[in-house]
Amino acid sequence: MALNVIMMGPPGAGKGTQAERFARDRGLLKISTGDILREAIKRETPLGMKAKAIIDAGRLVDDATMIGIVRERLLQPDAMNGFVLDGFPRTVAQAQALDDIIAERNNGPLIIVDVMVPEPELVKRLSTRRICSVCGANADPFDGAAAQNRCTRCGGELVQRTDDSEGVVRKRLAVYEEATRPLVDYYRGRPTFRVVDGAQPPERVAEELSAMVDAAARVQAPGRMPGRVGNRVEPQL
Ligand code: AMP
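Residues numbered from 1 in each chain as written. Predicted model: local features only at pLDDT ≥ 70, side-chain atom pairs only at ≥ 80, totals over all residues. Heavy atoms only, no water.

Quick notes on the packing of helix 4 (residues 63-74) against helix 5 (residues 92-105)
Stated formally: The axes are straight lines fitted to the C-alpha atoms, using for helices just the contacting stretch, and the angles between their N-to-C directions are given from 0 to 180°. Numbering of helices and strands starts at the N terminus; helices are DSSP runs of H or I of at least 4 residues and strands are runs of E of at least 2. If an angle is under 35 degrees, it is roughly parallel; if it is over 145, roughly antiparallel; if it lies from 65 to 115, roughly perpendicular; otherwise it is oblique. By definition, any crossing whose near helix is turned counterclockwise from its far helix by less than a right angle is left-handed, and any crossing with a clockwise turn is right-handed. Contacts are assigned to residue pairs with any non-hydrogen atoms lying within 4.5 Å of each other. Only Asp, Glu, Lys and Arg are considered charged in this grouping, and only Ala, Val, Leu, Ile, Met, Phe, Trp, Tyr, Cys and Pro are considered nonpolar; every other residue, Gly among them, is considered polar.
Packing of helix 4 against helix 5 leaves a shortest axis separation of 10 Å and a crossing angle of 20°. Viewed along their axes, helix 4 and helix 5 adopt a mutual orientation that is roughly parallel. Considering only the axes of helix 4 and helix 5, their crossing is right-handed. Residues D63, M66, I67, R71 and L74 of helix 4 form the contact with helix 5, whose participating residues are A93, Q94, A97, L98, I101, E104 and R105. Counted by class, the contact of helix 4 with helix 5 contains 7 nonpolar, 1 polar and 4 charged residues.

Here you go:
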């Protein structure tokens with residue numbers, strides 16, 4: 001059965017870094033919707049043109065667009081071994097669409113990891129984090145690249161994300177509270193829902209997260225099956 005993992009949590013929780021590390025360790029496909037949008041902006045595609053102003057304002061790209069992107073990617077053959085999703089879903093409508101995609105794939109349940117970090121720590125992290133100006137990778141706290149100011153992947157210069165400026169960060173945290181935090185309630189009742197303390201050192205978060213995903217994968221979790229009532233999924237005994 002495939003490992004189908006989503007990393008949830010507010011901006012700055014470290015979910016991108018953890019998603020990257022976990023996907024690499026397990027040989028899974030990592031899909032970051034933020035990276036897809038930033039790449040589209042760089043290439044000035046129609047998606048990029050549409051997304052730029054929205055991202056720079058700290059708002060969310062519309063559900064239909066995001067669902068279309070993720071749906072197409074998750075139904076490709078190389079995603080069938082499992083995936084790690086970073087940055088999606090961000091709304092209840094996106095989560096519902098993802099449940100439909102998981103049912104359609106019919107290859108393993110969704111494992112949900114919520115990375116929790118207190119807000120003052122998030123603000124601190126976002127104001128200091130850097131990404132590579134060339135390849136877009138996050139400066140990885142595992143390898144100390146931030147200290148060297150160069151990307152360990154391609155040697156590119158590390159810069160601040162345009163949406164990590166103070167005003168936009170505040171807006172993104174507010175959007176998270178309003179649109180994305182309700183997802184925790186959407187998923188909380190599931191046997192494959194886990195919470196990890198993201199305020200710990202990144203190596204410790206990675207260890208705990210890895211063990212949690214394995215434990216969750218051992219739980220029988222139905223997709224859209226007779227035991228399902230509304231948004232709730234009843235554990236199969
Ligand atoms: P991230 O890199 O995940 O922080 O995403 C950066 C920005 O891309 C977000 O602040 C949103 O504007 C946009 N974005 C990324 N993923 C989504 C999504 N699933 N739904 C809507 N907007 C998204």
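What about the site of the ligand?
Here is the rule: A molecule or strand has a residue near it when one of that residue's heavy atoms lies within 4 Å. Think of a polar contact as two N or O atoms within 3.5 Å of one another; within protein, one of them needs to be a possible hydrogen donor and the other a possible acceptor, and neighboring residues in sequence only count if both atoms come from side chains.
In the vicinity of the ligand, 16 residues are found, and the nearest of them are T33, R38, R59, G87 and R90. Contact distances for the ligand include 2.8 Å between a nitrogen atom and a side-chain N or O atom of T33. Side-chain polar atom of R161 to an oxygen atom of the ligand: 3.1 Å apart, as the coordinates give it. Looking at which element gives the most residues to the shell around the ligand, the answer is helix 2 (residues 33-43), with 4 residues. Split into classes, the residues belonging to the shell around the ligand amount to 6 nonpolar, 4 polar and 6 charged.

Observations concerning the sheet that holds strand 4 (residues 110-116)
Our working definition: Two strands pair under a simple rule: DSSP has to find at least two bridges between them.
Taken together, the 5 strands give an open sheet; going across it, the order is 2-3-1-4-7, and neighbouring strands pair in parallel fashion. Every interior strand has two partners, whereas the edge strands, strand 2 (29-32) and strand 7 (193-197), have only one. Each neighbouring strand pair of the sheet contributes to a mean axis angle of 20°, computed without reference to strand direction. Alignment of strand 1 (residues 3-8) against strand 3 (residues 82-86), held across 5 bridges, turns out to be parallel. Residue N4 lies in a different strand from strand 3, and its bridge partner there is F83. Packed on one face of the sheet, helix 10 (residues 202-217) meets strand 1, strand 4 and strand 7 and runs near 170° to strand 7.

Topic: unusual backbone geometry
Glycine aside, residues mostly have negative phi angles, and peptide bonds mostly take the trans form. Just so we agree on the cut-off: Each residue is placed in one exposure class: buried if its accessible area under a 1.4 Å probe, protein chains only, is under 20% of its type's maximum, exposed if it is over 50%, and partly exposed if it falls in between.
Each neighbour pair has its own omega, and for F88 with P89 the value is 0°, a cis peptide bond. Looking at the element boundaries, P89 is found in the loop between strand 3 and helix 5. In the Ramachandran plot, E44 falls in the positive-phi region, its phi being about 55° despite a non-glycine side chain. By secondary structure assignment, the location of E44 is in the loop between helix 2 and helix 3 (46-56). The exposed category is assigned to E44, whose relative accessible area is 57%. Notably, N106 is not glycine yet its phi reads approximately 55°, a positive angle.

Describing the nonpolar core
Threshold: We call a set of buried Ala, Val, Leu, Ile, Met, Phe, Trp, Tyr and Cys residues a nonpolar core when their side-chain atoms join them within 4.5 Å.
Counting residues in each nonpolar core, the largest one holds 30 residues, and the members touching the most others are I6, L74, L85, L98, L110 and Y187. Of all elements in the fold, only strand 1, strand 2, helix 3, helix 4, strand 3, helix 5, strand 4 and helix 9 (182-188) reach the threshold of two or more residues within this core. By size, the runner-up hydrophobic cluster in this structure holds 23 residues, among which are A23, L28, V117 and A216.

Details of the packing of helix 6 (residues 119-128) against helix 8 (residues 166-180)
Put simply, helix 6 and helix 8 touch, their axes get as near as 11 Å, and they point 140° apart. If you check the angle between helix 6 and helix 8, you find them oblique. Here the hand of the crossing between helix 6 and helix 8 comes out right-handed. Where helix 6 abuts helix 8, its residues E119, L122, V123 and L126 lie against V169, R172 and L173. A breakdown of the residues in the contact of helix 6 with helix 8 according to their chemical character gives 5 nonpolar, no polar and 2 charged.

What about helix 3?
We count it as follows: Picture the helix axis, draw a direction to every C-beta atom, and the arc is the one those directions span.
Three or more residues of helix 3 are buried, namely G48, A51, I54 and I55. What you see down the axis of helix 3 is that its buried residues fit within an arc of 135°, all on one side. Facing away from the buried side of helix 3 by more than 90 degrees, the exposed set consists of P46, M49 and A53. Of the surrounding elements, those touching the buried residues of helix 3 are helix 2 and helix 8. Two residues or fewer past helix 3, G58 is found with a positive phi of approximately 80°.

Interpretation note: all reported values are geometric properties and have no functional meaning in isolation.
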